[in-house]
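Take a look at the letters that make up each chain.
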Amino acid sequence: MNEQQRKEMNQIKDNPADKKSVEDKPLSEKTSEDFAKYFESTYQPPSLKSAKKRGKEDVNVHYDFEIPEDIQGIGEGKKFLIRTYGCQMNEHDTEVMAGILSEMGYESTTDQHEADIILLNTCAIRENAENKVFGEIGHLKALKREKPDLILGVCGCMSQEESVVNRILQKHQFVDLIFGTHNIHRLPQLVQEAIFGKEMVVEVWSKEGDIVENLPRQRKGNIKAWVNIMYGCDKFCTYCIVPYTRGKERSRLPEDIIQEVRQLAAQGYKEVTLLGQNVNAYGKDFEDRTFGLGDLMNEIHKIDIPRVRFTTSHPRDFDDRLIEVLAQGGNLLDHIHLPVQSGSSEVLKIMARKYTRERYLELVDKIREAMPNATLTTDIIVGFPNETEEQFQETLSLVEEVGFEGAYTFIYSPREGTPAAKMQDNVPMDVKKERLQRLNAVVNHQAAQAMKKYEGEIVEVLVEGESKKNADVLAGHTHRNKLVNFRAPRSTIGEIVKVKITNAKTWSLDGELLETAEVK
Ligand code: 5AD
Ligand code: SF4
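If you're wondering where the values come from, they're calculated on a predicted model, not measured in any experiment.

With respect to the packing of helix H15 (residues 389-402) against helix H16 (residues 429-452)
Look at H15 against H16: their axes get within 10 Å of each other, and the N-to-C directions meet at 10 degrees. For the element pair H15 / H16, the angle class is roughly parallel. Together, Glu-389, Phe-392, Gln-393, Thr-395, Leu-396, Val-399 and Glu-400 of H15 and Arg-435, Arg-438, Leu-439, Val-442, Val-443 and Gln-446 of H16 make up the contact between the two elements.

Listed below in structure tokens is the structure:
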């Protein structure tokens, strides 16, 4: 879609009478057959091979989501529970599904015995994430036996994998519903089919669909909010399943994002996190305009909301414009999560990360120069196929050289359908585990050292609620994303306050609220 078409689409948003001229049928009136026709078959199991193909077809933006009249009250007097696995994108998808189910009349519950519908919003990134879900499906079998009317659904990234769908079809026939990441807006119709039909309902689209803008959201909390800025990933790092499960890169229009952030600010939210699998590719799919993440952040910088974060970055697309904009500070926070994955240029090459160790270090230098106070954190994979001890040591030395203050570290997990899964691997599992431990020791040491520097300092904390371990203690994060625990009246929840740090631990700080504390 070119810019003119996007503009027309935008105007249409404000003029519902015109909608039909673009869309022959509103989304809510489309049936499964319509969708099947669109995808050129009746039932197709998901296919990673077709998911891999990046088509040239336009991505349309819809503003006409609504729950069909006959489905609207279907959940009256009933309850739903959604279990979420994996990343923030999934957390946010869960908020959307919760919004849709609420509009259908369902109420949310945290007690599985009370639930009439349970959805598992799954993650496919590593094998252990998948094992957890299969364990949970196994546990729910007994509940389903006790309560045959319970609707049990599996959605999210695992549903996009053919092997997972086949396994559920063969071994877990008590599951009622399987749908994927591309057709969340079909939830009302799918739940209706699952309630009234006899067969398991499986609707997984291998290829991404359009962007649906006006989906309802039931956000978790009223202080921090997730905001999607783009969907999908075109990077195809050789170990990663995400480009297959989340489809091609599609950016939301800046005006839609800005409107959402403005609304959140008006509702009193204090922090937004802009989400995408590779946010630095934001806007690269716009055909007739040049508008990247830097430009978007520059616009959001002007909005009166105290804190703005973004995740996740890819070093390859992290450009000077973004650095220049972030350096303005203000509501743009001093924390950059910049996954490096490995410190060895040879491994990075086989991972298809498309940068070298040197190029990554240059980027870090640039960021440090422009934002001297920024915290840098990262993601690292150890035990990539055939990783040598020397290559692993390059990762250790890079961690030290950059001085990361935190890192999510993982043992490589082969994902069926990805290029790396086909590689011969000569690294035994005990060596991988030992490398992970050595890496974690360095990361923990650096995290603790970075925390030590805060002792005696006064920091600004967004008070987010009770601390995890002690309900009498409140917790929140600093600008630089450090977790702080301190005693304070509950009336400070949702405020940004000043706290004096009294004690540093490896992953959190203890502090005391300063009396004249409130900052905003
Ligand atoms: N094995 C291990 N870790 C992985 N990640 C992605 N794919 C895999 C895999 N196959 C990690 C990367 C990524 C993070 C979200 O998960 O470090 O940045
Ligand atoms: Fe996966 Fe690489 Fe895309 Fe990140 S950038 S989601 S690691 S393919």
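A few points about the domain arrangement of the protein
When its domains are assigned, the protein resolves into domain 1 (38-203), domain 2 (216-451) and domain 3 (458-514). The distance between the C-alpha centroids of domain 1 and domain 2 comes to 27 Å. Of the residues lining the interface, 38 residues belong to domain 1; the matching set on domain 2 comes to 34 residues. For the pairing of domain 1 and domain 2, the buried interface totals around 3100 Å² over both sides, and the portion due to carbon and sulfur atoms is 57%.

What to know about the UniProt feature "binding site: [4Fe-4S] cluster 1" (unreviewed entry) in the protein
Within this structure's numbering, the places UniProt gives as "binding site: [4Fe-4S] cluster 1" (unreviewed entry) are Cys-87, Cys-123 and Cys-157. The largest pairwise C-alpha distance within this set of annotated residues, which runs over 71 residues, is 10.5 Å, so the set is compact in three dimensions. Among the secondary structure elements, Cys-123 is positioned in the loop between strand S4 (117-122) and helix H6 (127-146). Overall, the relative accessible area of 10% leaves Cys-123 in the buried class. Apart from residues no more than four positions distant in its own chain, Cys-123 is found in contact with Tyr-85, Gly-86, Asn-90, Ala-129, Glu-130, Cys-157 and Met-158. Mapping Cys-157 onto the fold places it in the loop between strand S5 (151-156) and helix H7 (162-171). With a relative accessible area of 9%, Cys-157 lands in the buried category. Excluding its chain neighbours within four sequence positions, the residues that come into contact with Cys-157 are Thr-122, Cys-123, Ala-124, Thr-181, Thr-245 and Arg-246.

Considering the site of ligand 2
Close to ligand 2 lie Cys-233, Lys-235, Phe-236, Cys-237, Tyr-239, Cys-240, Val-242, Pro-243, His-314 and Arg-353. Here the residues of the shell around ligand 2 sort into seven nonpolar, one polar and two charged.

Focus: the confidence of the model for the protein
Looking at the protein, the pLDDT average stands at 91 and 90% of residues meet or exceed 70. Confidence over residues 1-23 falls short of pLDDT 50; this stretch has 35 contacts with residues more than four positions distant or in other chains. Confidence drops under a pLDDT of 50 for residues 38-42, and excluding neighbours within four residues, the segment shows six contacts in the predicted structure.

Thoughts on the UniProt feature "domain: TRAM" (unreviewed entry) in the protein
Listed under "domain: TRAM" (unreviewed entry) in the UniProt record, and renumbered for this structure, are residues 452-515. This span, residues 452-515, is 2% helix and 50% strand, and a straight line between its end C-alpha atoms measures 24 Å.

Overview of the state of the cysteines
All chains considered together, the criterion is met by zero disulfides. Of the cysteine sulfurs around Cys-157, a residue in no disulfide, the closest is that of Cys-123, at 6.4 Å.

With respect to the site of ligand 1
Around ligand 1 sit Ile-125, Arg-126, Tyr-239, Gln-341, Asp-379, Ile-381, Phe-410, Ile-411, Tyr-412, Ser-413 and Arg-415, and that is every residue in its neighbourhood. Within the backbone of Tyr-239, an N or O atom sits 3.0 Å from a nitrogen atom of ligand 1. Interatomic distance of 2.6 Å between a side-chain N/O atom of Asp-379 and an oxygen atom of ligand 1. Look at ligand 1: alone it shows 400 Å² of surface, and the protein chains cover 86% of it. Looking at the shell around ligand 1 residue by residue, the class counts come to six nonpolar, two polar and three charged.

A closer look at the pattern of salt bridges
Evaluation of the coordinates by the stated rule reveals 30 salt bridges. Across the pair Glu-464 and Lys-224 runs a salt bridge whose closest N-O atoms are separated by 3.3 Å. Of this pair, Glu-464 sits in strand S17 (residues 458-466) while Lys-224 sits in strand S9 (residues 224-228), and the two are 240 residues apart along the sequence. You can call Glu-464 partly exposed: its relative accessible area is 24%. Of the residues examined, Lys-224 reaches a relative accessible area of 33% and is grouped as partly exposed. Close ionic contact of Arg-435 with Glu-389 constitutes a salt bridge, the shortest N to O distance being 3.9 Å. Placement of Arg-435 in helix H16 and of Glu-389 in helix H15 is noted, with a sequence separation of 46 residues between them. On the accessibility criterion, Arg-435 (5% relative accessible area) is buried.

Points about the pairing of strand S2 (residues 79-84)
Looking down a regular strand, the side chains alternate between one sheet face and the other. Relative to strand S3 (residues 107-108), S2 is paired through two bridges, and the arrangement is parallel. Note that in S3 the partner of Phe-80 across the bridge is Ser-108. What joins S2 to S3 is helix H5 (residues 88-103), and the crossover it makes is right-handed.

Digging into unusual backbone geometry
Look at the link from Thr-311 to Thr-312: it is a cis peptide, with omega at 0 degrees. On the secondary structure map, Thr-312 appears in the loop between strand S13 (307-311) and helix H12 (320-326). Residues other than glycine seldom take positive phi values, yet Ala-352 does so here, at roughly 60 degrees. Here Ala-352 shows up in the loop between helix H13 (345-350) and helix H14 (357-370). Despite not being glycine, Lys-354 has its phi angle at roughly 65 degrees, a positive value. Structurally, Lys-354 is set in the loop between H13 and H14.

Rules behind the numbers
- Residues numbered from 1 in each chain as written.
- Chains lettered and ligands numbered in written order.
- Predicted model: local features only at pLDDT ≥ 70, side-chain atom pairs only at ≥ 80, totals over all residues.
- Heavy atoms only, no water.
- Axes fitted to C-alpha atoms, helices over the stretch in contact; angles between N-to-C directions.
- Helix = DSSP H or I, 4+ residues; strand = E, 2+ residues; numbered from the N terminus.
- Parallel < 35°, antiparallel > 145°, perpendicular 65-115°, else oblique.
- Contact = heavy atoms within 4.5 Å.
- Domains from an automatic or database assignment.
- Buried area = accessible area lost by both parts, 1.4 Å probe.
- UniProt positions renumbered as here; feature names shortened; annotations may be inferred.
- Buried < 20%, exposed > 50% of the residue type's maximum accessible area, 1.4 Å probe, protein only.
- Near = heavy atom within 4 Å.
- Nonpolar A, V, L, I, M, F, W, Y, C, P; charged D, E, K, R; others polar.
- pLDDT = per-residue confidence, 0-100.
- Disulfide = S-S within 2.5 Å.
- Polar contact = N/O pair within 3.5 Å; in protein donor to acceptor, adjacent residues only side chain to side chain.
- Areas by Shrake-Rupley, 256 points an atom, 1.4 Å probe, with all protein chains shown as cover.
- Salt bridge = Lys/Arg side-chain N within 4 Å of Asp/Glu carboxyl O.
- Pairing = 2+ DSSP bridges.
- Right-handed = clockwise from strand over helix to strand, strands pointing away.

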